Amino acid sequence: MEANTLFFLKALLLLCFNVRFTLASDPDPIQDFCIPKPMTSLHHDHHFSTNLPCKNSSEVTTEDFVFSGLKTAGNFTETGFATVPVSPANFPGLNTLGMSFVRADLKPGSINPPHYHPRATEVAHLVKGRVYSGFVDSNNKVYAKVMEEGEMMVYPKGLVHFQMNVGDVTATILAGLNSQSPGIQKIPSVVFGSGINEELLMKAFGLSIKQIGTLKKRFDPVMSNEH
């Protein structure tokens with residue numbers, strides 16, 4: 001009886017590990033490609049679904065596999081940072097292929113604040129400029145350096161990473177992620193813009209209620225729109 005129980009526990013543990021790793025990444029495609037049919041307003045969602053019906057192959061054209069939106073920078077924020085995200089939502093040819101991209105441009109001195117992607121590893125290629133870039137591992141060790149043009153850096157999945165332009169010209173980064181829906185959590189916005197209890201934040205960071213309020217006004221989208 002004990003042997004059967006031990007065998008069952010081992011099998012259950014193995015199954016749990018297999019399920020975990022199976023669900024940890026985008027599913028493998030079951031066909032060459034799947035160009036989704038145009039989304040209606042009922043289907044449109046921030047998280048692009050892989051379950052949308054595919055176009056008939058006779059309707060698919062070469063243009064479905066070409067994207068020209070990375071030729072120029074996106075719209076710059078007041079802090080000097082611009083992005084052009086590329087996913088199946090604006091590049092249908094990526095659908096079900098388990099990847100997405102982003103172009104990031106940083107004016108001198110501007111930053112891409114600490115953030116992480118819960119569902120993807122990122123590889124960043126510095127096309128132009130000089131950028132201080134790095135990530136922090138689960139032991140709070142920082143791996144960072146000033147990247148020069150042509151260099152690449154990888155940010156492992158789920159780890160906080162960051163970038164700052166330390167050069168004299170606008171820097172351009174092209175990055176690829178191994179999920180078509182990598183997700184993004186920006187640390188300042190998550191902490192001070194999500195509605196976490198103010199008393200908890202005061203105790204966690206040793207800040208006054210006034211300081212917490214100032215940070216919430218900056219990072220809480222609701223409060224920002226009211227001022």
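Every chain is numbered on its own, with residues counted from 1 as its sequence reads. With pLDDT at 70 or above as the cut-off, local features in this predicted model cover only qualifying residues; side-chain atom pairs require 80 or more to be listed or tallied, and sums for whole chains, interfaces and linings still use all residues. Computation of side-chain values covers all heavy atoms of the structure but excludes hydrogens and water.

### Re the pattern of salt bridges
Working step 1: Take a side-chain nitrogen of Lys or Arg and a carboxyl oxygen of Asp or Glu: if they are within 4 Å of each other, that pair is a salt bridge. Enumeration over the complete set of coordinates arrives at 6 salt bridges.
Working step 2: In this structure, the salt-bridge partner of Arg130 is Glu148, at a minimum N-O distance of 3.3 Å. Residue Arg130 is located in the loop between strand E4 (122–128) and strand E5 (131–136), and its partner Glu148 is located in the loop between strand E6 (142–147) and strand E7 (152–155); the two are separated by 18 residues in the primary sequence.
Working step 3: When accessible area is computed with a 1.4 Å probe and restricted to protein chains, residues below 20% of their type maximum are described as buried, those above 50% as exposed, and intermediate ones as partly exposed. Accessibility expressed as a relative area gives 35% for Arg130, which makes it partly exposed.
Working step 4: A salt bridge links Lys203 to Glu199; the shortest N-O distance between them is 3.0 Å. Counting from the N terminus, the helices are the DSSP runs of H or I reaching at least four residues and the strands are the DSSP runs of E reaching at least two.

### Notes on the confidence of the model for the protein
Detailed reading of predicted coordinates is not advised where the pLDDT is low.
Working step 1: The predictor's confidence in any single residue is recorded as pLDDT, a number from 0 to 100. Counting all residues, the mean pLDDT for the protein is 85, and 80% of those residues have values of 70 or more.
Working step 2: The contact criterion used is simple: two residues touch if any of their non-hydrogen atoms lie within 4.5 Å. Within the model, pLDDT remains below 50 along residues 4–23, and this stretch shows 0 contacts once partners closer than five positions in the same chain are excluded.
Working step 3: Long-range and interchain partners of residues 40–47, a stretch whose pLDDT sits below 50, account for 4 contacts in this model, where long-range means more than four residues apart.

### Side note on unusual backbone geometry
Working step 1: Its identity as a non-glycine residue notwithstanding, Thr96 has a phi of 70°, on the positive side.
Working step 2: Note that Thr96 resides in the loop between strand E1 (81–86) and strand E2 (100–106).
Working step 3: If you check the backbone angles, Asn140 has positive phi at about 65° while not being a glycine.
Working step 4: With respect to the helices and strands, Asn140 occurs in the loop between E5 and E6.
Working step 5: Asn140 sits in the exposed class, given a relative accessible area of 66%.

### Remarks on the state of the cysteines
Working step 1: Cysteine sulfur pairs qualify as disulfides if the two atoms are within 2.5 Å. With the rule as written, the count across this model stands at 1 disulfide.
Working step 2: Covalently, Cys34 is tied to Cys54 through a disulfide, its sulfur atoms 1.9 Å apart. One quick way to see it: the torsion about the S-S bond of Cys34 and Cys54 is about -100°, and its sign makes the bridge left-handed. Of this pair, Cys34 sits in the loop between helix H1 (2–23) and E1 while Cys54 sits in the loop between H1 and E1, placing them 20 residues apart in sequence.

### Some thoughts on the sheet that holds strand E3 (residues 111–116)
To summarise the sheet geometry, strands pair through backbone hydrogen bonds and adopt either a parallel or an antiparallel arrangement.
Working step 1: By the convention used here, strands pair only if DSSP detects at least 2 bridges between them. Read from one edge to the other, the open sheet built from 5 strands follows the order E6-E5-E8-E3-E10, with strand pairing classed as antiparallel. Two strands in the sheet have a free side with no partner beyond their single neighbour: E6 and strand E10 (185–186).
Working step 2: Pairing analysis gives 3 bridges linking E3 to strand E8 (residues 160–165), with the strands arranged antiparallel. Within E8, the residue paired with Ile111 across the bridge is Met164.

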